[in-house]
Amino acid sequence: MSTSNGAKENSHNKARTSPYPGSKVQRSQVPNEKVGWFVEWQDYNPVEYTAVSVLAGPKWADPQISESNFSPKFNEKDGHVERKSQNGLYEIENGRPRNPAGRTGLVGRGLLGRWGPNHAADPIITRWKRDSSGNKITHPISGKNILQFVAIKRKDCGEWAIPGGMVDPGEKISATLKREFGEEALNSLQKSGAEKRELEEQLHKLFSQEHLVIYKGYVDDPRNTDNAWMETEAVNYHDETGEVMDDLTLEAGDDAGKVKWVDISDQLQLYASHSQFIKLVAEKRDAHWSEDSETETECHGL
């Protein structure tokens with residue numbers, strides 16, 4: 001997504017949906033033509049909402065802006081907290097950061113802990129779909145090899161997703177990617193000491209392979225508000241032979257209800273912007289995506 005304040009119809013939809021996740025709160029309606037901050041809208045009257053779980057002050061959340069001992073350094077590295085956006089500088093208005101993608105119909109932080117960008121990491125683990133003899137399977141219409149990725153079913157909304165999560169303060173993105181995949185797709189938190197060590201070896205093998213940074217920046221997420229938003233770094237780790245992942249047993253853990261290998265195609269319905277990331281992986285790996293490229297072009301952005 002660009003850093004401009006313009007509203008592309010397909011890049012800022014989920015951030016305007018109601019009710020707000022985990023609540024009955026209805027956002028103020030924001031028509032497409034009024035999303036961009038550069039459009040004058042004197043009557044704009046967004047709803048204020050920050051979840052009770054955030055206001056309770058857990059360690060992953062900022063205090064309220066109004067608290068006297070809280071003076072965040074926006075657009076900077078603030079101690080261990082990364083307040084820089086991957087989309088460049090963002091505006092501060094009345095002491096609050098302003099969503100670079102435009103209006104959402106809701107101010108405050110909703111379910112998000114940080115004012116401004118909330119950084120996540122999404123590991124996209126892929127392999128080629130193979131038959132019982134180990135040969136790659138091609139799609140009968142597109143003629144391209146079929147790629148599979150590890151998907152989890154989120155407990156909070158029931159949608160299938162990439163097994164990602166939030167970057168801890170001071171944590172490197174590479175560490176977050178490995179940790180989140182282990183916790184959500186391999187249930188590493190419930191393993192014994194010996195099992196964890198073995199798992200760590202296998203994960204190191206997988207995550208030290210060549211990888212592709214698929215996307216860095218703003219995410220159109222239903223939790224976004226005018227003052228807090230999700231950003232992610234989506235990275236593809238590809239197991240070309242399939243041998244590394246053969247040694248790892250998928251097991252849902254942490255925020256995941258289920259976990260499985262999913263065939264990649266344009267038929268996937270995924271959480272937030274995850275379908276967009278998966279499409280980029282298919283393009284980069286020259287894998288099957290769509291049966292009909294003309295239809296794909298016509299439907300783009302819907």
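Calculation notes
- Residues numbered from 1 in each chain as written.
- Predicted model: local features only at pLDDT ≥ 70, side-chain atom pairs only at ≥ 80, totals over all residues.
- Heavy atoms only, no water.
- Helix = DSSP H or I, 4+ residues; strand = E, 2+ residues; numbered from the N terminus.
- Rg over C-alpha atoms; globule rule 2.2 N^0.38 Å.
- Buried < 20%, exposed > 50% of the residue type's maximum accessible area, 1.4 Å probe, protein only.
- Areas by Shrake-Rupley, 256 points an atom, 1.4 Å probe, with all protein chains shown as cover.
- Lys, Arg positive; Asp, Glu negative; His and termini not counted.
- Charge placed at Lys NZ, Arg CZ, Asp CG, Glu CD.
- Salt bridge = Lys/Arg side-chain N within 4 Å of Asp/Glu carboxyl O.
- Patch = residues over 30% accessible without salt bridge, like charges linked within 9 Å, V, L, I, M, F, W, Y side chains within 5 Å.
- UniProt positions renumbered as here; feature names shortened; annotations may be inferred.
- Phe/Tyr/Trp six-rings, centres within 6.5 Å; stacked < 30°, edge-to-face > 60°.
- Core = buried A, V, L, I, M, F, W, Y, C linked by side-chain atoms within 4.5 Å.
- Contact = heavy atoms within 4.5 Å.
- Polar contact = N/O pair within 3.5 Å; in protein donor to acceptor, adjacent residues only side chain to side chain.

## A word on the overall build of the protein
- Within the protein, the regular secondary structure consists of six helices and 13 strands.
- Relative to its length of 302 residues, the protein is compact, with a C-alpha radius of gyration of 20 Å against a globular reference of 19 Å.
- In terms of overall dimensions, the protein has a C-alpha envelope of 65 × 50 × 35 Å along the principal axes.
- Within the protein, the fraction of its 302 residues that count as buried is 49%.
- Working note: accessible area of the protein is about 15300 Å², and carbon and sulfur atoms make up 46% of it.
- Put simply, the protein has 38 plus and 48 minus side-chain charges, and the middle of one group is 3 Å from the middle of the other.

## Describing the pattern of salt bridges
- According to the stated counting rule, one finds 16 salt bridges in the structure shown.
- Across the salt bridge formed by lysine 178 and glutamate 200, the nearest N and O atoms sit 3.2 Å from each other. Taken as a pair, lysine 178 in helix H2 (residues 173–185) and glutamate 200 in helix H3 (residues 193–207) lie far apart in primary sequence, 22 residues in all.
- Of the residues examined, glutamate 200 reaches a relative accessible area of 41% and is grouped as partly exposed.
- A salt bridge links aspartate 221 to arginine 223, with the nearest nitrogen and oxygen atoms 2.9 Å apart.
- Residue aspartate 221 is classed as buried on the basis of its relative accessible area of 2%.
- Here arginine 223 falls in the buried class, since its relative accessible area comes to 17%.

## Quick word on unusual backbone geometry
- Residues serine 18 and proline 19 are joined by a peptide bond in cis, for which omega reads -5°.
- Among the structural elements, proline 19 can be located in the segment before strand S1 (47–50).

## Focus: a negative patch on the surface
- Side chains of Glu195, Glu198, Glu201, Glu243, Asp246 and Asp247 sit close together on the surface and give a patch of like negative charge.
- Elements with a contribution of two residues or more to the negative patch: H3 and helix H4 (243–246).
- The leading source of residues in the negative patch is H3, at three residues.

## Observations concerning helix H5 (residues 274–284)
- For H5, the complete set of buried residues consists of His274, Phe277, Ile278, Lys279, Val281 and Ala282.
- Within two residues after H5, aspartate 286 carries a phi angle of roughly 55°, on the positive side.

## So, the UniProt feature "coiled-coil region" (unreviewed entry) in the protein
- The UniProt feature table records "coiled-coil region" (unreviewed entry) at residues 182–209.
- Note that residues 182–209 is 68% helix and 0% strand, and that its end C-alpha atoms are spaced 16 Å apart.

## Quick look at the packing of aromatic side chains
- Overall, the coordinates contain eight aromatic pairs when judged by the stated rule.
- A ring pair is formed by phenylalanine 74 and tyrosine 90, whose centres lie 6.3 Å apart and whose planes are at 70°; its orientation type is edge-to-face. You can see phenylalanine 74 sitting in the loop between helix H1 (52–55) and strand S2 (77–78) and its partner tyrosine 90 sitting in the loop between strand S3 (81–82) and strand S4 (92–93), a full 16 residues away along the chain.
- Under the relative-accessibility criterion, phenylalanine 74 is labelled buried at 13%.
- Take tyrosine 90: its relative accessible area is 5%, and that puts it in the buried class.
- Here a set of aromatic residues connected by ring pairs shows up, and it is made of Trp37, Trp41 and Tyr44.

## Notes on the nonpolar core
- One finds Ile125, Phe149, Phe181 and Ile278 to be the most contacted residues of the largest nonpolar core, which totals 56 residues.
- Excluding its chain neighbours within four sequence positions, the residues that come into contact with isoleucine 125 are Gln148, Phe149, Val150, Phe181, Leu206, Phe207, Tyr237, Met245 and Trp261.

## Section: the environment of lysine 129
- You can see lysine 129 is positioned in the loop between strand S7 (116–128) and strand S8 (147–154).
- Separated by 84 residues in the primary sequence, lysine 129 and asparagine 45 place their C-alpha atoms 50 Å from one another.
- In contact with lysine 129, other than residues within four places in its own chain, are Asn135, Lys136, Ile137, Ile146, Gln148 and Asp263.
- Within the local environment of lysine 129, its side chain forms a polar contact with the side chain of aspartate 263, the two groups lying 2.6 Å apart.

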